[in-house]
Amino acid sequence: MRPTALLLLAALSAGAADWLIAPPKEHAAVRRSTDGREVTLSNGLIRRVWRLTPDAATVAFDNLTTGASLLRGVKPEAEVELDGHRYSVGGLKGQEEWAYLRREWLDGMTASPGAFHFTGMDSGTTVARFAWKRAPYSGGQPWPPPGASLTLHFALDTLPGVKVDVHYEMYDALPVIAKWIALKNDSPRPVRLNRFVNEILAVVESESAVEDPVRWRPGSLQVDSDYSFIATHARPDENAVAHWESDPNYRTQVNYSLKTPALLRCYPPLGPDAIVAPGDAFETFRVFELAHDSTDRERRGLAQRRMYRALAPWSQENPILMHVRQADPASVKLAIDQCADVGFEMVIMTFGSGFSVENEDPAYLERIRQLVDYGRARGVALGGYSLLASRHIDAGDDVVNPAPIFGHSPCLGSRWGEEYFRKLRHFIETTGLAVLEHDGSYPGDTCASTSHPGHRGLDDSQWTQWKTISGFYQWCRARGVYLNVPDWYFLEGSNKTAMGYRESNWSLPRERQVLLARQNIYDGTWDKTPSMGWMFVPLVQYQGGGAAATLEPLKDHLDYYERHLETNFTAGVQACYRGPRLYDSPETRAVVKRWVDFYKQHRAILDSDIIHVRRPDGRDYDAILHVNPALREKALAVVNNPLDRPITRTIRLPLYYTGLTDTAMVRIEGGAARKVALARDYTVPVTVTVPAAGAVWVTVE
Ligand SMILES: [Zn+2]
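Just so we're clear, the structure is a prediction, and the values are computed from it rather than from any experiment.

Criteria and thresholds
Residues numbered from 1 in each chain as written. Predicted model: local features only at pLDDT ≥ 70, side-chain atom pairs only at ≥ 80, totals over all residues. Core = buried A, V, L, I, M, F, W, Y, C linked by C-beta atoms within 7 Å. Buried ≥ 20, exposed ≤ 12 C-beta atoms within 10 Å, placed from the backbone. Contact = placed C-beta atoms within 7 Å. Pairing = 2+ DSSP bridges. Helix = DSSP H or I, 4+ residues; strand = E, 2+ residues; numbered from the N terminus. Axes fitted to C-alpha atoms, helices over the stretch in contact; angles between N-to-C directions. Parallel < 35°, antiparallel > 145°, perpendicular 65-115°, else oblique. Left-handed = near helix turned anticlockwise from the far one by under 90°. Nonpolar A, V, L, I, M, F, W, Y, C, P; charged D, E, K, R; others polar. Domains from an automatic or database assignment.

## Re the nonpolar core
Here is step 1: In this structure, M346, V347, V435 and A637 are the most contacted members of the largest nonpolar core, which totals 191 residues.
Here is step 2: Excluding residues within four positions of it along the chain, A637 makes contact with A623, L625, L653, W697 and V698.

Laid out in structure tokens, this is it:
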């Protein structure tokens, strides 16, 4: 428990529960004021309020957990650039002081001349962004996330037939609001949408600094988006479509050069430069605004993980998987048989296996179809690997770009790109392929070609490629095809990304790999749930390192094989066990089965969020703690000993997020339960003796 979280507890009003422990009973709802002049969207955790007259504008955005106002001024709801002319959408004019916003000022504000003006509103419930076909390893999360929606309609006299809708959704039990806009063209001529800004908020500054700091502190509003690829999403908790800019209106700020980043504007890095035909509509990407109630890293991470559990529930699918190294039928059947025998749930024909999703030979398709059926009959989903980004096709089909992110990349809008996705869809439809490992997804490369069929030029090249890749992932999601994608595509439908890795580490000597793996998991689970990240175990040589780096023959290196199994399964993390087989002797089989059984026995708590106790450093114990207040087994701690001698340590387990308040029943390795009183900071002391290079697990009820 960190002091900031304790302060938050003090700030919670009497009787109010922590939303991360007990979901609030209040549902998201739209309420119109009795005088009709305002509408409110609230779920008990956050509240956003719009004035509707003389025009519509956001006039309050509050964090109800802390009581803080997030807004200090009134801006337009959005901006659009149509055929080279910029228009505001809604908004009110007349604010003089921009450090804060008093309610009594609102009555004196006026509509902006030349803006799209408010014409009406609709409200309802949340709608699924796309279809999700559940698989046997899916959880029971609701889809769409339950909540309320509000749509504000805008039009402009000088552009008859052109309308802008501003959409909001707010979700139950989550301090998140989603926003996007749609441009409808009911005029008789095409409209060119050069640019859009689909969120503008005069946000309360995160700090006041007279001079310009190297890096401003992050504020309490975290902005995410489904417009995400490497170019926009280098960090899990930041999206580059959220531009934190200075506000020229805000003249009373402390920063001498008026550069405080207190104006949020959300727009794509380029484009979309879309031509909207008569009768058509254009919908922007969505932004998701998460209002944090703390500066504590664990608490902010828990909030983000909760958001992904709700907005991308397929990211909670966590099948136990193996990477088979050869894609010939005999090798694949051996892998499936061994997986089915010990309880693995997925086999992926890995890179370099000979599997080709672009092969259209009917005999090949039939062979894969039979293997997919063979796996399905044994409860094992079968899929394979395909490389997209970083490939060099030819000058006519690669992106026309001086510096593609991976050095080379095909343009998804080239003729080759269009054929590639046609082949993938045909392959999946014909064979029933259940998994696609899509390596090097679309990274965000722009393309200046004017001859590619999928885009007209540079300005629409990123938007159209994003539409292609996200449309394909959503097609996969609707068919229940599991998507292992190295980039951050969760909100567009992908299931898993890398936990965090350096590829060459899997060619290091065995003993170094285990500790590095634990560090990767520890660091990768601040922003991700265990299911959202994959790890890797090279059963055979990966890129180098020879015999010292590999686990085969497995029976000869059973100690390190078990350390990998234990590290991953106790973290609730699935690794790509890459090789021809999972076991090579009865003893090896018993070890694999024991850890699969352990994971399945404790699956609910192991798939739950991780509290970070002590980072692996090879100098003393390291520990993580899974927590879930909704389960009977409310916590599972894993204490690892990297040293070459047994150690005995008394560790204070932080049980705040288990929801337990007075006492805990603690069991070491499934032994007898011991009743322990929680200290004032919600910790309990647990003394464990951990064998050399071993681990001990502890459960809490
Ligand atoms: Zn192109």
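Continuing now.
## Some thoughts on the sheet that holds strand β5 (residues 68–69)
Here is step 1: Strand order across the open sheet formed by five strands is β1-β2-β3-β4-β5, with antiparallel pairing between neighbours. The open sheet has two edge strands, β1 (29–32) and β5, and neither has a second partner.
Here is step 2: When strand β3 (residues 46–51) meets strand β4 (residues 57–63), the two strands line up antiparallel, connected through six bridges. Opposite R47, over in β4, you have D62 as the bridge partner.

## Here's the deal with the environment of H392
Here is step 1: As for its placement among the helices and strands, H392 is situated in the loop between β25 (381–387) and α5 (415–431).
Here is step 2: Taking the C-alpha atoms as reference points, H392 and E211, 181 residues apart in sequence, are found 47 Å from one another.
Here is step 3: Contacts of H392, omitting those with residues within four sequence positions, involve D398 and H408.

## Side note on the environment of Y599
Here is step 1: For Y599, the location among the structural elements is in helix α10 (residues 586–601).
Here is step 2: Between the alpha carbons of Y599 and L371 there is a distance of 27 Å; along the sequence they are 228 residues apart.

## Quick look at the packing of helix α4 (residues 362–377) against α5
Here is step 1: Closest axis-to-axis distance for the α4/α5 pair is 8 Å, and the angle between their directions is 50°. Between α4 and α5, the crossing angle belongs to the class labelled oblique. By crossing handedness, the relation of α4 to α5 is classed as right-handed. Judged by residue contacts, L365, I368, R369 and V372 of α4 engage F427, T430 and T431 from α5.
Here is step 2: Partitioned by chemical class, the residues of the contact of α4 with α5 number four nonpolar, two polar and one charged.

## A word on the domain arrangement of the chain
Here is step 1: What the domain assignment reports for the chain is domain 1 (3–314), domain 2 (319–601) and domain 3 (605–700).
Here is step 2: Domain 1 and domain 2 are separated by 35 Å when their C-alpha centres are compared.
Here is step 3: With 33 residues of domain 1 at the interface, the matching set in domain 2 holds 32 residues.
Here is step 4: In terms of residue count, helix α2 (residues 297–311) provides more of the side of domain 1 that touches domain 2 than any other element does, seven residues in total.
Here is step 5: Classifying every residue of the side of domain 1 that touches domain 2 by side-chain character gives 19 nonpolar, six polar and eight charged.

## Looking at the packing of helix α9 (residues 558–571) against α10
Here is step 1: With their axes 10 Å apart at the nearest point, α9 and α10 run at an angle of 10° to one another. For the element pair α9 / α10, the angle class is roughly parallel. Here α9 contributes L558, Y561, E562, L565, E566 and F569 to the contact with α10, which in turn contributes E587, T588, V591, V592, W595, F598 and Y599.

## With respect to unusual backbone geometry
Here is step 1: Cis geometry is adopted by the peptide bond preceding P54, which originates at T53 and carries an omega value of 5°.
Here is step 2: Take P54: it is sitting in the loop between β3 and β4.
Here is step 3: One non-glycine residue with positive phi stands out, namely A173, at about 60°.
Here is step 4: Locating A173 in the fold gives a position in the loop between β13 (162–171) and β14 (176–185).
Here is step 5: The class for A173 is buried, based on 22 C-beta atoms found within 10 Å.
Here is step 6: Residues other than glycine seldom take positive phi values, yet L258 does so here, at roughly 60°.
Here is step 7: Relative to the elements of secondary structure, L258 occurs in the loop between β18 (242–245) and β19 (263–266).
Here is step 8: By the C-beta count within 10 Å, which is 14 here, L258 ends up partly exposed.

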